[in-house]
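Listed below are the residues making up each chain.
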Amino acid sequence: MPTPSTPTSSKRAFGKAAIWGGAFLLAAIYLFASRPLPLAEGQTAGRTIPVEKLFRILAAEQVAARTLWTAEIVNPGLQRGMKFDENWREADMQAGPLPALFLRETATAIQKTQVPLGLFLGSDYPIAQSNLFTGVQAAAFQKMRQTGEPQFFKATDIGQQSAMFADHVVAQGCATCHNEHPKSPKTDWKLKDIMGATTWSYPKDKVTLEEALQVIATLRASMGVVYDAYLTKVATFDQRPEIGEKWPRDGYFIPTRKVFLAEFEKRASAHTADRLIHILDDPTVSH
């Protein structure tokens, strides 16, 4: 026969369920909608989390988006005759952004919002010198190369909390593109090499749960902005892929923004929601 719950234990269990339920509600509002919605005042009052935990979520979201773009748009698109180029925005270029440019375009879109999130993709062997790590970031990157672990630090030059995550060569096409580029300072990249790193920055060392969800939503919305720009570019092509429900693996097709982001959410949201639940159950989280 099960032991009856005491009033205290029942209250504790109910409190945890309420926290988890609230987290899922907030995640649903921010992460499964087409745009961020305002939260009711007091829903997340008093809850703060270390920004390091937010950085880890953002890094995982970025990897999911970039993997989707590479594996489901670029690679099969190339096989169908589509083009992707570093100069894709030029008027006479009928191409879409390469995977690294998809990330940089996302960073640019974030900069145009009111959310003070920074995102930078750099390397110690960049094709463009503007992407060369310097100062504190260069030191953190070298440490990451040695340990393989993400680095968390305060970037004293910009006065921001920062996090650096390794950017590995995940597809042979990425290695080939860099190895064959005329401006590449390194021509022997291979699969699984650490090619560079994504660096995130934020002005606070702790954020409220509401802030965290707003930042995640802004990242997703910015990815949508980049995808919209690609669709706008596709509309100018002489030979236009059909835009609809299908993907390049199915033929000369490109998914709509809704279809693309729905697939991204399918791949990323469960992990993000799970991380939020673990964060709220963490004793270091302020209540």
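The notes below deal with the structure included here. (Residues numbered from 1 in each chain as written. Predicted model: local features only at pLDDT ≥ 70, side-chain atom pairs only at ≥ 80, totals over all residues. Heavy atoms only, no water.)

When helices and strands are tallied, the chain shows seven helices and eight strands. Among the 287 residues that make up the chain, the fraction classed as buried is 45%. Taking all contacts inside the chain whose residues are at least 6 apart in sequence as the whole, residues at least 24 apart take part in 67%. When the accessible surface of the chain is split by element, carbon and sulfur atoms take 54% of a total near 15,100 Å². (Helix = DSSP H or I, 4+ residues; strand = E, 2+ residues; numbered from the N terminus. Buried < 20%, exposed > 50% of the residue type's maximum accessible area, 1.4 Å probe, protein only. Contact = heavy atoms within 4.5 Å. Areas by Shrake-Rupley, 256 points an atom, 1.4 Å probe, with all protein chains shown as cover.)

Along strand 2 (residues 118-122), four of the five residues are buried, which leaves the element largely enclosed by surrounding structure. Where strand 2 meets strand 5 (residues 194-202), five bridges bridge the pair, whose relative direction is antiparallel. Opposite Gly-118, over in strand 5, you have Ser-201 as the bridge partner. (Pairing = 2+ DSSP bridges.)

Time to look at helix 3 (residues 99-111). Taking 1.5 Å per residue as the helical rise, helix 3 with its 13 residues ought to reach 18 Å, and the 19 Å between its terminal C-alpha atoms agrees with that figure. Most of helix 3 sits out of view: ten of its 13 residues are buried. Here helix 3 has its buried residues at Pro-99, Ala-100, Leu-101, Phe-102, Leu-103, Glu-105, Thr-106, Ala-107, Ala-109 and Ile-110. (Expected span 1.5 Å × (residues − 1).)

At a minimum axis separation of 10 Å, helix 2 (residues 51-79) and helix 7 (residues 257-280) run at an interaxial angle of 160°. Taken together, the axes of helix 2 and helix 7 are roughly antiparallel relative to one another. In terms of crossing hand, the pair formed by helix 2 and helix 7 is right-handed. Contact residues: Lys-53, Ile-57, Ala-60, Glu-61, Ala-64, Ala-65, Leu-68, Trp-69, Glu-72 and Ile-73 in helix 2; Phe-260, Glu-263, Phe-264, Arg-267, Ala-268, His-271, Thr-272, Arg-275, Leu-276 and Ile-279 in helix 7. Grouping the amino acids of the contact of helix 2 with helix 7 by side-chain chemistry returns twelve nonpolar, two polar and six charged. (Axes fitted to C-alpha atoms, helices over the stretch in contact; angles between N-to-C directions. Parallel < 35°, antiparallel > 145°, perpendicular 65-115°, else oblique. Left-handed = near helix turned anticlockwise from the far one by under 90°. Nonpolar A, V, L, I, M, F, W, Y, C, P; charged D, E, K, R; others polar.)

To continue, consider the sheet that holds strand 2. Pairing within the open sheet is antiparallel, and its four strands lie in the order 2-5-4-3. Sheet topology places strand 2 and strand 3 (151-155) at the edges, where each strand pairs with a single neighbour. Pairwise comparison of adjacent strand axes, ignoring direction, gives a mean angle of 25° for this sheet. Sheet topology note: the strand 3/strand 4 (residues 160-168) ladder contains five bridges and is antiparallel. By the bridge assignment for strand 4, Lys-154 is matched with Gln-161. In this fold helix 3 packs onto strand 2 and strand 5, with an angle of close to 155° to the strand it touches most, strand 2.

Unusually for a residue other than glycine, Lys-192 sits at a positive phi of about 80°. With respect to the secondary-structure elements, Lys-192 resides in the loop between helix 5 (172-180) and strand 5.

Take the nonpolar core next. In terms of nonpolar packing, the biggest core is built from 52 residues, with Leu-58, Trp-69, Trp-200, Tyr-230 and Phe-260 touching the most fellow members. Once residues within four sequence positions are removed from consideration, Tyr-230 is found in contact with Trp-69, Ile-73, Met-82, Phe-84, Trp-88, Gly-96, Pro-97 and Ile-254. Judged by nonpolar contacts, the second largest core, of nine residues, contains Phe-141, Met-144, Phe-153 and Ala-155. (Core = buried A, V, L, I, M, F, W, Y, C linked by side-chain atoms within 4.5 Å.)

So, about empty space enclosed by the protein. Inspection of the entire model under this criterion finds one cavity of 30 Å³ or more. Contributing to the lining of the largest cavity are Gln-62, Ala-65, Arg-66, Phe-102, Leu-103, Thr-106 and Met-223. If you list the elements that add at least two residues to the lining of the largest cavity, you get helix 2 and helix 3. Classifying every residue of the lining of the largest cavity by side-chain character gives four nonpolar, two polar and one charged. (1 Å grid on protein atoms, 1.4 Å probe; cavity = no way out; pocket = protein on both sides within 12 Å on 5 of 7 lines; lining within 4 Å. Points joined across faces, edges and corners; volume = space filled by probe spheres on them.)

Turning our eyes to something else, we now look at the pattern of salt bridges. Oppositely charged side chains can pair when the atoms bearing their charge come close. On inspection of all chains with the given rule, the structure shows twelve salt bridges. One salt bridge in this structure joins Arg-145 and Asp-124, with 2.9 Å as the shortest N-O distance. One end of the pair, Arg-145, is in helix 4 (residues 135-147); the other, Asp-124, is in the loop between strand 2 and helix 4, and 21 residues separate them in sequence. By relative accessible area, Arg-145 is classed as partly exposed at 29%. The salt bridge partner of Glu-211 is Lys-204, with a shortest N-O separation of 2.7 Å. According to the relative accessible area criterion, Lys-204 is partly exposed, its value standing at 38%. The network of salt bridges with shared partners includes Glu-72, Arg-249, Glu-263 and Arg-267. (Salt bridge = Lys/Arg side-chain N within 4 Å of Asp/Glu carboxyl O.)

All quantities given are derived from atomic positions and should not be read as evidence of function.
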